[in-house]
Protein chains: 2
Amino acid sequence: MAASTPISKTIYLGPFVHSKSLTELEICENGAIGVDENGIIAFVERDAQSFESIKSEKSEWQDAKTVKISGDSFFFPGFIDTHTHAPQHPNTGLFGKTTLLDWLQTYTFPMESSLSDLTKANRIYQNFVSRTLSHGTTTCAYYATIHVPATNLLANICLQRGQRALVGRVCMDSDLSPSYYRDESVESSIKDSKASIDHIRSIDPSGTIVRPIITPRFAPSCTPACLTAIGQLAAAEDTFIQTHISENVNEVQLVKDLFPDSKSYTDVYATHSLLTPKTILAHAVHLSPEERKTILEKGSKISHCPASHTLGLGSDVSGGFHPSILENCRQAIWVSRHLSLQSAQDSDKLSTEEALYLATRGGAQVVGLEDKVGGFEVGMEWDAQLVRLGVVDEAGNTGEAFGGAVDVFGWEAWGERVEKWVYSGDDRNTVAVWVRGRMVHRTGGYTGA
Amino acid sequence: MAASTPISKTIYLGPFVHSKSLTELEICENGAIGVDENGIIAFVERDAQSFESIKSEKSEWQDAKTVKISGDSFFFPGFIDTHTHAPQHPNTGLFGKTTLLDWLQTYTFPMESSLSDLTKANRIYQNFVSRTLSHGTTTCAYYATIHVPATNLLANICLQRGQRALVGRVCMDSDLSPSYYRDESVESSIKDSKASIDHIRSIDPSGTIVRPIITPRFAPSCTPACLTAIGQLAAAEDTFIQTHISENVNEVQLVKDLFPDSKSYTDVYATHSLLTPKTILAHAVHLSPEERKTILEKGSKISHCPASHTLGLGSDVSGGFHPSILENCRQAIWVSRHLSLQSAQDSDKLSTEEALYLATRGGAQVVGLEDKVGGFEVGMEWDAQLVRLGVVDEAGNTGEAFGGAVDVFGWEAWGERVEKWVYSGDDRNTVAVWVRGRMVHRTGGYTGA
C-alpha cells in the first residue's frame, strides 16, 4: 500500500517553485529540500550546490537517498482539488443541451445509481484516482454515491494508492431524486452515513490519508428533517461537511420554493447547523452580500468561485469538463479575463500567481490541511509533483521520448517557464508525484534517481 | 517532400464524423471513403461492410491500398486555423501583466525581429509546423515577420511538410513599431511583399499547398500611403489579405486618433481597398452595426469572433495561448457559455456541433477552400485526422501504449464519444493526419495499415 510504504530520508536537489503569498511565487533555482522518514520536510535550502556540500554540513543526512532533477524540471506542490464527483468521471464532457436540473436526471443519477455494482465502481474509481494523480492532484475532496460499499471502496482505493482524500457518501432523501436512486428515509440516510464514516476511520484512524466528509448533495435533495439530522451527525462526529450552493438562478429559485421560511439559500444551511469552519461550499455564484457575510462569520470555505480569499479550485467533474487542476487554473484565469473585459477593471483579472495559489495553499485551507501541504516549508509534508518541460533542439524537434506540449527554447527566464507550464502544460509534464514522501505516480519522462 | 510524394488509391474503412451543417454533425459508424491518386475523395459509402464487398462492386478499386481503423477511432476533417503568428510560438503562454499595445513592445517585436537569423527561424518554424500538424491542423493562415528570407523559409517548410498554408510577410512602416523592427519605407514594404509573393508562387505555382497572403499587421502599424500601396498590390496580384481589427477598446481609440478622417476602424480598411472577399479580419470584437454591414457587403471573412456565419476559428498564437484548434473550440464554447450566463439567452451558447463546424467548414470558407476541404464529400480532398480514444479496461486502466486523456468505458453512444473528444481530447488523440491523401503526421498510437 503506497500510503504505508516505508520511505528513506531523501534530499531533493534542483529548482523548486511554490506560492509565497496570494500574489507572489517563489522560484528557487538552486534548491534542496530534505524529507525525513515520515515524509516531513526537515530543511529547505535556497543556495544548494551539491549533495556533497549539503551532507558535509548535515551529518545526520549522510545516508540519505538523493534525487537530482535536470534544468528543464522543477518541483511544485501537489494540486488540491476541493470539489469533484468521482462516480461521474465517465460522463466527463457529456452535457448535451441540458441545464443543471435536467442534467442531473439525464446523466448524473443513472450513472451514480449504477455504482451499486462494485465491479463497475472499482473500474471507475481506480481509473479516476489514476487520472487525478497523473494530473498532479495529491489531495481530493470526493463526492461518492449513496452506496456505502462503493463509497468505502473509494476510500480504500485512495488509501491504497496513497492519495489524500475526503470521501463522502452522498445524502439525498427528497423526491427531487428519482425513486431508484435516493435514501429511503432520514434514518437510513443517517445510518448509512455513519457506517461510511466508521469504515473510513477504521482503515485510517489518524486520518492522515483518508477522512470522512458528510455530504448532503444540495438543499433540494434533502428534506428539512434530513438536513437537521445531518447537522447533528456532523457535530457529533466532528467531521467535514460538503455541499453545493447557489450554482445557477433556477436552482436558487427552487430552494426558495422548497424552503419558504428560510431567508436565503445560505440560511437553509445555517439554520440546519451545516455551516461550520469545516464546511466546503461548492460554486457560490449567486450569493447576496448578506449570504457572503454569514459564510464568512461561520468560517465556512468556498470551492471554485473567485469571491473569497479562503477558497480553492475544484474540478467539479463531471459538471466541469476536465479533471486537471492545471486546466482549471487556466479556466479560472480565462473567466476572470472575460469578466474584466466587461467591467473594464483590470483588478478583476486573476493572475497566474493567484491561480497557482488557489490550486495549492488556497485549496489546502479549504480542506483543513494548510499546515501540512500546499507549499514547501519546514514541518510541512512532501506532497509534490515534478514538472518537466520539453526542450526544443536546434532542428526544431522536441524530444521524442518526452511528449509534453510545452516548448522551451532555452532563453526563457524561470518565471516564463512557469507561465508556459500553466498555459500549455498537461499531465505529460507531471512526470512524478509524491504524497507524504511516497511516490504515488510516475511516467516514462521521470529521470530522477 | 510530403506535398509531392506519389500516393496510391486508398480506401479508408471505419467510422467517420464531419459537419453536415452549422448545427448538425454526421456520424457514420460503417463508413468507407475512397481517395484517388490525386488525394481527391472519389466515393463515400455509409453502410460499408468490408473491403471485399466494396472491391467487388468497384472493379477499378481492386488494387487500392486499404486502411481499416478500430472501433475506438474515427476519421474527422483536418482543422483549419484561420489566424496564427508562427514567429510568436516561443512566446506562447507569456503575457506577464501587459495589455495588447505594450505586449507588442515587450514580447512580440523583439521576438519577431530576431527571426532575421535564419537558423533561429528554421528552429522555430519547423517546431511550430510540427506542433500544429500534431494537433490535426491541416491548413493554417500564418503571419510571418517583415523578413523576406524567413517568410520564404516558412513557406518552404509548409510545402515540404505538406501542410496547406497562407503565408504572409508582415507589412509595418509606421513609427508605432520600433526603429529596429519595421519596413524602411513604403517602397521597401511593397518591394519585399512582392518578393515574398513571387517566391511562394514559384515554389507552388498552382497554390495547392502554399499561397501568399498580403499582411498589413493592423492599421496603426501602417502609414496611409502604405495602406494605399498595399491595397493596390493586393488587387494587382489578386491575393488574399489578412489583418487585425478592433481587438480592444484602446486599440479602437488609437485608430480613431491616427485616422481622424475615417468613419471607423472598418472604414480605414474599406477606403484603402483592403476589404475584399479574400480578406481575413482577425478578432472583430468591438464592431458597430454599420461596420458589420460594411464587412458583410464586401464579403470579407472574420477569424475568431462568433459574430458572423462566415467565420472560422484562429488560435492566434501567441496572443492566444494554445496552438490546438480543439482547445480553441473549447475556449469558444466556454466564452459563449459565460456570455449566455450574463444575457440569460440560451441561444448565445455555442454548441459542440457549431464549434466543430467553425473549426472545419467555417474555416475553409475563410481561407477560400470550402470546395476542397472541411468535410468528407465526393470531389473534396482527403485532409483528415484519425482520432483515437482511450479505452478503459476492466481494472480501470487505460492502455499504457496509448496515453490520451479521454477515457471511454464502452457504453458511450457515438455522439458522446465525439463530445468526450471535444472536451477532454488533445494531440495524443490525433494519431495520424493527412493532407491531400498524403500522411503528414503520425504517432505511436496509429495502428492503421
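On a predicted model such as this, the values are computed, not experimentally measured, just so you know. (Residues numbered from 1 in each chain as written. Chains lettered and ligands numbered in written order. Predicted model: local features only at pLDDT ≥ 70, side-chain atom pairs only at ≥ 80, totals over all residues. Heavy atoms only, no water.)

Attention now goes to the overall build of chain A. Within chain A, the regular secondary structure consists of twelve helices and 21 strands. Taken over the C-alpha trace, chain A has a radius of gyration of 22 Å; the compact-globule value for 449 residues is 22 Å, and the two agree within 12%. Across the 449 residues in chain A, those meeting the buried criterion constitute 64%. Of all intrachain contacts in chain A linking residues separated by at least 6 positions in sequence, the fraction that spans at least 24 positions is 69%. Looking at chain A, you have 39 positive and 54 negative side-chain charges, and the mean spots of the two groups are 3 Å apart. (Helix = DSSP H or I, 4+ residues; strand = E, 2+ residues; numbered from the N terminus. Rg over C-alpha atoms; globule rule 2.2 N^0.38 Å. Buried < 20%, exposed > 50% of the residue type's maximum accessible area, 1.4 Å probe, protein only. Contact = heavy atoms within 4.5 Å. Lys, Arg positive; Asp, Glu negative; His and termini not counted. Charge placed at Lys NZ, Arg CZ, Asp CG, Glu CD.)

Taken residue by residue, the interface counts 53 residues in chain B and 53 residues in chain A. Surface buried jointly by chain B and chain A totals about 4800 Å² across both partners, of which 50% is contributed by carbon and sulfur atoms. Counting across the chain B and chain A interface gives eight salt bridges. Among the ionic pairs, B:E394 bridges to A:R123, the shortest N-O distance being 3.9 Å. Linking chain B with chain A are 18 residue pairs in polar contact (both at pLDDT 80 or more), by the criterion used here. Secondary structure elements with two or more residues in the side of chain B that touches chain A: α2 (100-113), α3 (118-134), α10 (325-343) and α12 (414-424) of chain B. In terms of residue count, the dominant contributor to the side of chain B that touches chain A is α10(B) (nine residues). Its residues assigned to classes, the side of chain B that touches chain A shows 17 nonpolar, 17 polar and 19 charged. (Buried area = accessible area lost by both parts, 1.4 Å probe. Salt bridge = Lys/Arg side-chain N within 4 Å of Asp/Glu carboxyl O. Polar contact = N/O pair within 3.5 Å; in protein donor to acceptor, adjacent residues only side chain to side chain. Nonpolar A, V, L, I, M, F, W, Y, C, P; charged D, E, K, R; others polar.)

Further remarks concern the pairing of strand β21 (residues 438-442) of chain A. Residue and element names in this part refer to chain A. Examined bridge by bridge, strand β20 (residues 430-435) and β21 share four bridges and lie antiparallel to one another. Bridging across to β21, V433 finds its partner in H441. Counting the residues that bridge the hairpin from β20 to β21 gives two residues, and of these R436 lies at a positive phi of roughly 50°. (Pairing = 2+ DSSP bridges.)

The next point concerns the side chain of A:E327. Relative to the elements of secondary structure, A:E327 occurs in helix α10 (residues 325-343). Polar contacts involving the side chain of A:E327 include one to the side chain of A:R330, which spans 2.9 Å. Leaving out residues up to four positions away in the same chain, A:E327 has contacts with A:F321, A:H322 and B:E327.

Turning to the sheet that holds strand β5 (residues 41-45) of chain A, a few remarks are in order. Residue and element names in this part refer to chain A. One open sheet accounts for four strands, arranged β5-β4-β1-β6; its pairing is mixed. Of all strands in the sheet, those bounded by a partner on one side alone are β5 and β6 (65-68). With direction set aside, neighbouring strand axes in the sheet form an average angle of 15°. Pairing analysis gives four bridges linking strand β4 (residues 32-35) to β5, with the strands arranged antiparallel. Residue pairing across strands places A32 opposite E45, the latter belonging to β5. (Axes fitted to C-alpha atoms, helices over the stretch in contact; angles between N-to-C directions.)

In this section: the side chain of A:Q163. Residue and element names in this part refer to chain A. Position of Q163 relative to the elements: it lies in the loop between α4 (148-161) and β10 (164-168). One polar contact links Q163 to T132, side chain to side chain, over a distance of 3.1 Å. Side-chain polar atoms of Q163 contact the backbone oxygen of T137, separated by 3.0 Å. Apart from the residues within four sequence positions on either side, Q163 is in contact with V129, T132, L133, T137, T138, C140, Y142, C158, I209 and V210.

Helices that pack against each other are described as a pair by the angle of their axes relative to one another and the distance between those axes. Residues and elements named next belong to chain B. Where helix α5 (residues 186-203) meets helix α6 (residues 224-237), the axes come as close as 9 Å, and the angle between the chain directions of the two elements is 25°. Considered as vectors, α5 and α6 are oriented roughly parallel to each other. In the crossing of α5 with α6, the sense of the turn from one axis to the other is right-handed. Seen from α5, the contacting residues are V186, S189, I190, S193, K194, I197 and R201; seen from α6, they are A225, C226, A229, I230, L233 and E237. (Parallel < 35°, antiparallel > 145°, perpendicular 65-115°, else oblique. Left-handed = near helix turned anticlockwise from the far one by under 90°.)

Bringing the domain arrangement of chain A into the picture now. All names here are of chain A. Domain parsing of chain A yields domain 1 (2-77 + 375-442) and domain 2 (79-366). Distance from the C-alpha centre of domain 1 to the C-alpha centre of domain 2: 30 Å. Between domain 1 and domain 2, the contact holds 35 residues from the first and 28 residues from the second. Of the roughly 2600 Å² buried between domain 1 and domain 2, counting both surfaces, carbon and sulfur atoms make up 61%. Together, L22, V422 and Y423 form the three largest contributors to the area buried by domain 1 at its contact with domain 2, with a combined 25%. Between domain 1 and domain 2 we count three salt bridges in total. Counting every contact that joins domain 1 to domain 2 gives eight residue pairs in polar contact (both at pLDDT 80 or more). (Domains from an automatic or database assignment.)

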